Amino acid sequence: MLDLAIIGGGPAGLSAGLYATRGGLKNVVMFEKGMPGGQITLSSEIENYPGVAQVMDGISFMTPWNEQCMRFGLKHEMLNIKQILKNDDGNFSIKIEGGEIKLAKAVIVCTGSYPKKAGFKGEDEFFGKGVSTCATCDGFFYKNKEVAVLGGGDTALEEALYLANICSKVHLIHRRDEFRAAPLIIEKVKKNEKIELITCASIEEAYGDKTGLMGVKIKVKDGSIKDLKVPGIFTFVGLNVRNEILKQDDGKFLCQMEEGGQVSVDLKMQTSVKGLFAAGDLRKDAPKQVICAAGDGAVAALSAISYIENLH
Ligand code: FAD
Ligand code: NAP
C-alpha cells in the first residue's frame, strides 16, 4: 500500500513529491507516463519564475526539480494511469495501463493539460508531417525556411519569437485583430521584422502530399483566400484539461468538477472526495503558470500528510 500516489510529473507533481517525501511520507510514488517535467519542457524559454534570473529552455529548467525530489526518496514509475477509484475501505485504487492496480491511502492528481486542436481540414492528416504543437521539438526542421504559427495567446507569440530566431520568416495567423498574450510579448512580436501578422484570418485547409505539408489556405479579412506555401505550421490554440483518469465506469467523475472540466478544490487543494487532492493546471481557476502549479503541489502534499496522519 502506498502512502501517497501522485499522478503526473509536471511542476505540480514534482513539488508535491518534494514536499511529501521531505515532509516524512515514506512510500510515495509519482506516476508520470513520460519523462518528468511536464508541459513547460515544450517551451523554448521561461523567464518568469521568481528567483531564476537567467532565461532558460523548459527542459534545462525542470531537470533539477526531478533530481531534488529523488534525493528525498520520491520514486518515479513511468506508467500511464487509466483510472482512480475510491474503495469502500477509504483507500484508492490506481488502475495502470495494462491492468495492474496499486493501492494508495491518498492521491494527488496533477495531470495538467494538453494542446487543443484548431479544427481545420488536414490538421490530423499532417500532424507530425508539418503540423506541430511544439516549436522547441520541431522548429529546427525548418531552419532558414518560412513557417506559420496559429494563435494569439502567450504560447503562440512566445513560440513565434523563438521560431523567428531559426526560420527565415514566421507568418503569425490569428482570428482576431487583438492578441490575448501579455503586452510585453505583443510588443516584442510587433517589433520583430521576421514576423508577419495575419490577423482576422482563419485556416481553411492544410494541404500537401505523402511527403508532408506543402501549405495552408487562409481566409483573410476581406473574405479572399490566401495560399501560404509553408512546409510547417505550429498551432497554439489553447489547452484541454486532462481529467480522464477521474472518470468512473458509469461516466460520472469521481469528484466534483467545474463546467469546463476542471477539478473543484478548496484552498487546501482538497477535492470533494476525502484523501483525493488536485493540483496545477487541472484545478479550477488555475492561473496556468509554473510558479502556481508548484505552489499547488506543495499545498496538496502538506494537506495529504495531514490527512494520512489523521487516518484511524
Ligand atoms: P503539466 O506541466 O501539464 O504536467 C502534467 C504531467 O502529467 C505531464 O508530464 C503528463 O505527461 C502527466 N500525465 C498526464 N496524464 C497522465 C496519466 N494518465 N498518467 C501518467 N502521467 C500523466 N508557465 C510559466 O509560468 N511561464 C512560462 O514561460 C510558460 N511557458 C509555457 C510555454 C508553453 C509552450 C506551454 C505549453 C506552457 C507554458 N507555461 C508557462 C505554462 C506551464 O507550463 C504550466 O502552467 C505548468 O506546466 C502546469 O504544470 P502541471 O504540473 O499542472 O501540469
Ligand atoms: P490561450 O491563452 O487559451 O490562447 C489560445 C489562443 O488561440 C487565443 O488567442 C485564441 O483566440 C486562439 N484560438 C483558440 N481556438 C482557436 C481555433 N480553433 N482556431 C484558431 N485560433 C484559436 O492558450 P495559450 O497561449 O496556450 O496559454 C495557455 C495558458 O498558459 C494561459 O493562461 C497563458 O497565460 C499561460 N502561458 C503563460 C506563459 C507565460 O507566462 N510566459 C507562456 C505560455 C502560456 P482568441 O484570442 O480569439 O480566443
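In every chain, residue numbers begin from 1 and rise along the written sequence. To label them, take the chains in the order written and letter them from A, then take the ligands in the order written and number them from 1. Per-residue local features are limited, in this predicted model, to residues with pLDDT of at least 70; the limit for side-chain atom pairs, both in listing and counting, is 80 or more; totals at the level of whole chains, interfaces and linings are taken over all residues. Side-chain metrics in this entry use all non-hydrogen atoms of the structure; hydrogen atoms and water are not considered.

> What am I meant to see in the pairing of strand S12 (residues 202–209) here?
Side-chain positions along a regular strand alternate between the two faces of the sheet. Two strands are counted as paired when DSSP detects at least two bridges linking them. In this text, helices come from DSSP runs of H or I with a minimum length of four residues, and strands from runs of E with a minimum of two, each type numbered from the N-terminal end. Across 7 bridges, S12 lies against strand S13 (residues 212–219) in antiparallel orientation. Considered in S13, the bridge of Ala206 is made with Val216. What sits between the antiparallel neighbours S12 and S13 is a turn of 2 residues.

> Just checking my understanding: could you explain the packing of aromatic side chains for this structure?
Remark: the centre distance and the inter-plane angle together describe each pair of aromatic rings, the angle taken between the planes. Ring geometry is summarised as follows: Phe, Tyr and Trp rings, the Trp one being its six-membered ring, pair when their centres sit within 6.5 Å, and such pairs are stacked at plane angles under 30 degrees, edge-to-face over 60 and tilted between the two. One pass over the full model with this rule turns up 5 aromatic pairs. Pairing Tyr49 with Phe61 gives two aromatic rings, centres 5.2 Å apart and planes at 65°, and the pair type is edge-to-face. With Tyr49 in the loop between strand S2 (28–31) and helix H2 (58–71) and Phe61 in helix H2, this pair connects stretches of sequence that are 12 residues apart. Here the two residues Tyr49 and Phe61 agree in accessibility, since each one is buried. Remark: a charge is flagged as sitting over a ring if the NZ atom of Lys or the CZ atom of Arg is within 6 Å of the ring centre and within 35 degrees of the ring normal. A cation sits over an aromatic face here: Lys217 above Tyr207, 5.2 Å from the ring centre. The classification of residues rests on relative accessible area computed with a 1.4 Å probe and restricted to protein chains. Under 20% of the type maximum is buried, over 50% is exposed, and intermediate values are partly exposed.

> Whenever I open this one, the pairing of S2 confuses me. Can you help?
Along S2, one buried face is formed by Val28 and Met30 and the opposite face, lined by Val29 and Phe31, is buried too. In this structure, strand S1 (residues 2–7) lies alongside S2, joined through 4 bridges in parallel fashion. What sits directly across from Ile6, in S2, is Met30. Seen with its strands pointing away from the viewer, a crossover is right-handed when the path leading from the first strand over the helix to the second is clockwise. Once the chain exits S1 it traverses helix H1 (residues 11–22) before rejoining the sheet at S2, and the crossover so formed is right-handed. The β-α-β motif built from S2, the intervening H2 and the parallel element strand S3 (residues 75–77) has right-handed crossover chirality.

> How should I be thinking about the site of ligand 1 in this particular structure?
We call a residue near a molecule or strand as soon as one heavy atom of that residue lies within 4 Å of the molecule or strand. Near ligand 1 lie 31 residues; those nearest to it are Glu32, Gln39, Asn48, Asp281 and Val290. Distance and chemistry together define a polar contact, namely a pair of N or O atoms within 3.5 Å, with one atom able to donate a hydrogen and the other to accept it when in protein, and with adjacent residues in sequence counting only for side-chain atoms on both sides. In the model, a nitrogen atom of ligand 1 is placed 3.2 Å from a nitrogen or oxygen of the Lys33 main chain. Only the protein chains shown count as cover for residues, with accessible areas throughout obtained via the Shrake-Rupley method and a probe of 1.4 Å. Here ligand 1 loses 92% of its free accessible area of 1,000 Å² to cover by the protein chains. Secondary-structure elements contributing two or more residues to the shell around ligand 1 are H1 and helix H6 (290–309). Any residue outside Ala, Val, Leu, Ile, Met, Phe, Trp, Tyr, Cys, Pro, Asp, Glu, Lys and Arg is labelled polar, Gly included; the first ten of those are nonpolar and the last four are charged. Among the residues forming the shell around ligand 1, the class breakdown is 11 nonpolar, 14 polar and 6 charged.

> Even after reading the chapter, I still don't get the sheet that holds S12, so can you show me in this structure?
The strands that make up a sheet pair up through hydrogen bonds in the backbone, lying either parallel or antiparallel. Read across the open sheet, the 3 strands follow the order S12-S13-S14; overall the sheet is antiparallel. Of all the strands in the sheet, just S12 and strand S14 (225–228) have a single pairing partner and so form its edges. Averaged over all pairs of adjacent strands, the angle between strand axes in this sheet comes to 25°, irrespective of strand direction. All axes are obtained by fitting lines to C-alpha atoms, using only the stretch in contact for helices, and the reported angles, taken between N-to-C directions, cover 0 to 180 degrees.

> What should I look at first to understand the packing of helix H4 (residues 154–164) against helix H5 (residues 183–191) in this one?
Relative placement of two packed helices is described by the angle separating their axes and the distance separating the axes. It is at 10 Å that the axes of H4 and H5 come closest, and there the two elements cross at 40°. As the angle between them shows, H4 and H5 are arranged oblique. Relative to H5, the crossing made by H4 is left-handed. On H5, the residues touching Asp154, Leu157, Glu158 and Leu161 of H4 are Ile185, Ile186, Lys188 and Val189. Residues belonging to the contact of H4 with H5 are distributed by class as follows: 5 nonpolar, no polar and 3 charged. Note on terminology: angles under 35 degrees are roughly parallel, angles over 145 are roughly antiparallel, angles of 65 to 115 are roughly perpendicular, and the others are oblique. Two helices that cross are described as forming a left-handed crossing if the nearer one is turned anticlockwise from the farther one by less than a right angle, and a right-handed crossing if clockwise. Residue contacts follow a heavy-atom distance rule, with two residues in contact if any of their heavy atoms lie within 4.5 Å.

> Sorry, what's going on with the state of the cysteines here?
Here, the word disulfide means a covalent bond between the sulfur atoms of two cysteines. Disulfide assignment relies on a single distance test, namely cysteine sulfur atoms paired within 2.5 Å. This model, assessed by the stated rule, comprises 0 disulfides. Summary of cysteine pairing: Cys292 is not part of a disulfide, and the nearest cysteine sulfur, belonging to Cys110, is at 14 Å. With relative accessibility at 23%, the residue Cys292 sits in the partly exposed group.

> Hey, could you run me through the site of ligand 2 in this one?
Around ligand 2, the surrounding shell holds 19 residues, and the nearest of these are Asp154, Thr155, Glu158, Arg176 and Arg180. Between an oxygen atom of ligand 2 and a main-chain N or O atom of Gly152, the distance comes to 3.0 Å. For ligand 2, an oxygen atom lies 2.8 Å from a polar atom in the side chain of Asp154. Its free accessible area being 920 Å², ligand 2 has 74% of it covered by the protein chains. Sort the elements by how many residues they give to the shell around ligand 2 and H4 lands first, with 3 residues. Looking at the shell around ligand 2 residue by residue, the class counts come to 5 nonpolar, 8 polar and 6 charged.

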